[in-house]
Amino acid sequence: MLRVADLDTPVMVVDLDVLEGNVKRLQDEVDSLGIKSRPHIKTHKIPTIGYLQLKAGATGVTCQKLGEAEVFADAGFEDILVPYNIVGAPKLERLTRLARRLRLSVAVDGEVTARGIAAASQEAGTNVELLVEIDSGGHRAGVQSAPDAQALARAIADFPGVTFGGFMCYPSRKPMGDLFAEARDRLQKDGIPVSTISGGGTGSQRVSAEIGCTEHRSGTYIYNDLSVLRAGNCTIEQCAMTVLVTVVSTASPGFTTVDGGSKTFTNDALQREGSNGYVREYPDVYLERMSEEHGVLSLSGVADGAPRPQVGEKLHIVPNHACGTTNLHDVVYGYRRRDGEEVVEVEWPIPARGRIR
């Protein structure tokens, strides 16, 4: 029997009962809302977990980059959305190879990008479904208005090699309801059907339904993290993933140092003030700052005389951002609690980590 306490650190671990509960809760919610679930695998990057999501009722998966999609295609997934502008000959060649193997849809926000995909797809003798991304306020990608969405959809409908599928946004926000409705009405007058409206963001499932989405893309919900907790979309008990670390120093007064830093937790979404990690064993202790290999815990909230972490002690820390943390680890250990012990049940490699192209 391998216990979590026996693992060398730093190491990523997942409570399987909590993970399975997160999958069921999200699926039950979208089912009750009458929309489909297309979970984003960028949080876990593990086909086995993707199949758990499909078994629960998901209709397909979302992969942010082609490299992730290639891993999941190799694992047998048959319906993948890549919500990302695909640009350049190397990527277009890979995209058409994928399109020969499965149902593939891709997001675009400009005619140049759509035309490039169409030309490559036509040359390869395949077809790719394109969704027009509409900016919901993040200002990183997406057309800016319903007339812009209509113009791009019209162009796509005229291109050989591609099919216009509908719209997508990230994250789902209430003002998108009017914009989606206007864009859909404009295309209806053009005789162009809209089959898919894809919304996204953990915690915004209900908003996706309210603004007329047909499917919802959640990713972080599978593990949950401090960002989801702060947004009020989970409880600390629903955070399935932690990083197990070891206390290596208590020499600096008021602080404790552990053997995981930015190469373990990622500094994505690093907070200038407040906690960058919740310490499960000591709720009044928090991860204050990181260098590459050191995590510095603040003891400022610990009462005089209260227990404090000791050198050699192992701690579970819930990170700020589960997705970025996953990308730094080669494996994750899944465990269940048995007779007061955390017993390792599975060791999952993370095959889609590092697939940034």
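Residues numbered from 1 in each chain as written. Predicted model: local features only at pLDDT ≥ 70, side-chain atom pairs only at ≥ 80, totals over all residues. Heavy atoms only, no water.

Peer 1: Would you explain the pattern of salt bridges in this entry?
Peer 2: In a structure, side chains of opposite charge can pair up when their charged atoms sit close to one another. Going through the model one piece at a time under the given rule, you end up with 25 salt bridges. Arg280 serves as the salt-bridge partner of Glu342, at 2.4 Å between the closest nitrogen and oxygen. On the criterion of sequence distance, the pair formed by Glu342 in strand β17 (residues 341-349) and Arg280 in the loop between β12 (277-279) and β13 (286-290) is long-range, its members being 62 residues apart. Judged by its relative accessible area of 28%, Arg280 is partly exposed. Put simply, Asp17, Glu20, Arg336, Arg338 and Glu345 are held in one network by salt bridges that share partners. (Salt bridge = Lys/Arg side-chain N within 4 Å of Asp/Glu carboxyl O. Helix = DSSP H or I, 4+ residues; strand = E, 2+ residues; numbered from the N terminus. Buried < 20%, exposed > 50% of the residue type's maximum accessible area, 1.4 Å probe, protein only.)

Peer 1: Could you clarify how one ought to interpret the side chain of Thr62 in this entry?
Peer 2: In this structure, Thr62 sits in strand β3 (residues 61-62). For Thr62, a relative accessible area of 0% puts it in the buried group. Residues in contact with Thr62, not counting those within four places in the same chain, are Arg38, Pro39, His40, Ile41, Leu81, Pro83 and Arg217. (Contact = heavy atoms within 4.5 Å.)

Peer 1: Can you help me understand unusual backbone geometry in this one?
Peer 2: Note: most peptide bonds trans; most residues except glycine with negative phi. In this structure, the amide linkage connecting Thr9 to the following residue, Pro10, adopts the cis form with an omega of -5 degrees. Within the secondary structure, Pro10 sits in the segment before β1 (11-15). Cis peptide bonds are those with omega within 30 degrees of zero, and the linkage from Tyr170 to Pro171 qualifies with -10 degrees. Along the polypeptide, Pro171 turns up in the loop between β7 (162-168) and α7 (176-190). Here the phi dihedral of Lys45 falls at roughly 60 degrees; this positive angle occurs in a residue that is not glycine. Along the chain, the position of Lys45 falls in the loop between β2 (36-37) and α2 (47-56). Lys45 sits in the buried class, given a relative accessible area of 6%. The phi angle at Asp339 is positive, at roughly 50 degrees, despite the residue not being glycine. Along the polypeptide, Asp339 turns up in the loop between β16 (331-338) and β17.

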